[in-house]
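Residues per chain, in single letters:
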Amino acid sequence: MARKTAFITGITGQDGSYLADFLLDQGYRVCGMVRRSSTENFQRIEHIRSRIELYQADLLDQTSLAQVLSQVHPDEVYNLAAMSFVPTSWQQPVLTAEYTALGVTRLLDALRAVCPHARFYQASSSEMFGKVQQTPQSEDTPFYPRSPYGVAKVYGHYITVNYRESYGLFACSGVLFNHESPRRGLEFVTRKISHGVAKIRLGLAHELRLGNLQAKRDWGFAGDYVRAMWLMLQQEKPDDYVIGTGETHSVEEYVQLAFDHVGLDWRKYVVIDPQFYRPAEVDLLLADAGKAKRQLGWQPKVSFPDLTAMMVEADLAALGGQRLASLAA
Ligand code: NAP
Ligand code: GDD
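Everything numeric here is computed off the predicted structure, so don't read it as measured data. (Residues numbered from 1 in each chain as written. Chains lettered and ligands numbered in written order. Predicted model: local features only at pLDDT ≥ 70, side-chain atom pairs only at ≥ 80, totals over all residues. Heavy atoms only, no water.)

Asker: A description of the site of ligand 1 should follow, citing residues and the corresponding values.
Answerer: By nearness alone, 25 residues border ligand 1, and Thr12, Arg35, Asn41, Ser84 and Tyr149 come closest of all. In the model, an oxygen atom of ligand 1 is placed 2.6 Å from a nitrogen or oxygen of the Ser84 side chain. Considering ligand 1 on its own, with 910 Å² of exposed area, one finds that the protein chains cover 89% of that surface. Of all the secondary-structure elements, those providing two or more residues to the shell around ligand 1 are helix 1 (14-25), strand 5 (119-125) and helix 5 (148-167). Residue contributions to the shell around ligand 1 peak at three residues, all from strand 5. (Near = heavy atom within 4 Å. Polar contact = N/O pair within 3.5 Å; in protein donor to acceptor, adjacent residues only side chain to side chain. Areas by Shrake-Rupley, 256 points an atom, 1.4 Å probe, with all protein chains shown as cover. Helix = DSSP H or I, 4+ residues; strand = E, 2+ residues; numbered from the N terminus.)

Listed below in structure tokens is the structure:
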């Protein structure tokens, strides 16, 4: 069979880099979209740089999207690019909507014109459930977004459904719950904590300032979740799927596990700082991923404690510290 071509927007991000790793392993030709910057931001894809093709385009520029799709001729398009940090969406609500909402329509329209047979994946989010209307949350749970980011993602979700129903595109939307990794951006809470714990353990910091410790999330490992994205595009029919672990944990639980991992008492180091509270909070997310399990055969492999340990260990190593074993010795 001919080698398939995948096109990934957001390839420089956490998920884009794991998806590129996964698709290369599956034998794909992997092409990625990057936006122009005065300095390259390719750390997460440095290890595969020679095995992928990068093309400049931007979700804000319709013409650039059509051009890049006609150059690449993709079989599968994964739209992972977005303004993905929830707090920034209150500071830049209009730009968030341009990237995270209208960007989806621009890309779908370009795909419809240039490569209508390509399969399309949209990175939807559990943030769309916001002030949750039922627990756990499944494909049937109504949306109630609590941030400009969540509102933009609801638009991206429904425009994907609409283009599937209006034009017969093979377009899927994956409603992914929080997923983390050592490649997670430093401002997201799990990575902020793992990095902060490693710095404290290595004597490089003496406190960690955080916001709401009572918020609960369904956290999984990003490497598991990109497999679900791919599985959605391998089905006979396009559909939407919730992806999560089915476990929920508070930020405080993650803090405790991370500090326990290096043998420290978190209460001595964590400072609650109101600047990290949000204008409107999402209190509890918990996935019912039964449909994905039944129809895709998808299940997460990495547990919550293993994810925490993986992230703390990676930050200890990256910060030049010794591994935990030698620290404890
Ligand atoms: P991330 O690490 O923040 O990566 C975002 C990517 O989007 C980066 O490659 C970024 O490029 C790119 N991008 C942003 N604006 C762009 C624009 N105007 N044109 C082109 N590229 C642009 O996010 P992630 O965690 O990998 O998440 C991937 C997607 O899944 C996002 O859509 C996110 O909203 C969604 N999602 C994530 C989670 C999660 O828990 N991680 C859960 C549900 C949904 P630069 O490197 O140039 O900034
Ligand atoms: N970032 C951050 N920083 N969050 C904090 C902090 C802090 O210092 N202290 C407490 N939190 C709480 C937040 O209030 C929130 O309830 C929770 O930790 C998780 O915050 P983030 O890690 O920033 O993630 P998120 O849940 O807002 O959004 C992520 O998950 C979504 C899926 O549900 C992002 O990856 C989104 O792009 C994604 O769609």
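Asker: Would you mind going over the pairing of strand 11 (residues 240-243) in detail, with residue names and values included?
Answerer: Residues Asp240 and Val242 of strand 11 are buried on one face, and the alternating residues Tyr241 and Ile243, pointing to the opposite face, are buried as well. Two elements, strand 6 (residues 171-176) and strand 11, share four bridges in a ladder whose sense is parallel. In the strand pairing of strand 11, Gly174 is matched with Tyr241. (Buried < 20%, exposed > 50% of the residue type's maximum accessible area, 1.4 Å probe, protein only. Pairing = 2+ DSSP bridges.)

Asker: Could you give me a rundown of the site of ligand 2, with the residues and numbers involved?
Answerer: Around ligand 2, the structure places 23 residues, and the nearest of them are Ser125, Ser126, Tyr149, Arg278 and Glu281. Within the backbone of Val189, an N or O atom sits 2.8 Å from an oxygen atom of ligand 2. Contact between ligand 2 and Gly211: a nitrogen atom at 2.8 Å from a main-chain N or O atom of the residue. Burial of ligand 2 by the surrounding chains reaches 95%, relative to a free accessible area of 720 Å². Residues of the shell around ligand 2, tallied by class, amount to ten nonpolar, six polar and seven charged. Taken domain by domain, the shell around ligand 2 gets at least three of its residues from each of domain 1 (5-180 + 219-243) and domain 2 (189-217 + 247-276 + 303-328). (Nonpolar A, V, L, I, M, F, W, Y, C, P; charged D, E, K, R; others polar. Domains from an automatic or database assignment.)

Asker: Go over the sheet that holds strand 1 (residues 5-9), please, and point to the residues and values.
Answerer: Read from one edge to the other, the open sheet built from seven strands follows the order 3-2-1-4-5-6-11, with strand pairing classed as parallel. The sheet is open, and its two edges are formed by strand 3 (53-56) and strand 11, each paired on a single side. Neighbour-to-neighbour, the strand axes of the sheet open up by a mean angle of 20 degrees, direction not taken into account. Examined bridge by bridge, strand 4 (residues 76-79) and strand 5 share four bridges and lie parallel to one another. Each residue of the ladder has a partner; that of Tyr78, found in strand 5, is Tyr121. Helix 1 contacts strand 1, strand 2 (29-34) and strand 4 of the sheet and is inclined by roughly 175 degrees relative to strand 1. In the packing of helix 4 (residues 93-114) onto the sheet, contacts are made with strand 1, strand 4 and strand 5, and the angle to strand 5 comes to roughly 170 degrees. (Axes fitted to C-alpha atoms, helices over the stretch in contact; angles between N-to-C directions. Contact = heavy atoms within 4.5 Å.)

Asker: Describe the domain arrangement of the protein, with residues and values.
Answerer: Examined at the domain level, the protein breaks down into domain 1 (5-180 + 219-243) and domain 2 (189-217 + 247-276 + 303-328). Each of domain 1 and domain 2 has a C-alpha centre, and these two points are 29 Å apart. Domain 1 puts six residues into the contact, and the matching count from domain 2 is twelve residues. Summing both partners gives a buried area of about 730 Å² for domain 1 against domain 2, and 73% of it is carried by carbon and sulfur. It is Glu180, Trp219 and Phe221 that lose the most area in domain 1 upon contact with domain 2, and together they represent 84% of the buried surface on that side. Counting every contact that joins domain 1 to domain 2 gives zero salt bridges. The interface formed by domain 1 and domain 2 includes one residue pair in polar contact (both at pLDDT 80 or more). In terms of residue class, the side of domain 1 that touches domain 2 is made up of two nonpolar, two polar and two charged. (Buried area = accessible area lost by both parts, 1.4 Å probe. Salt bridge = Lys/Arg side-chain N within 4 Å of Asp/Glu carboxyl O.)

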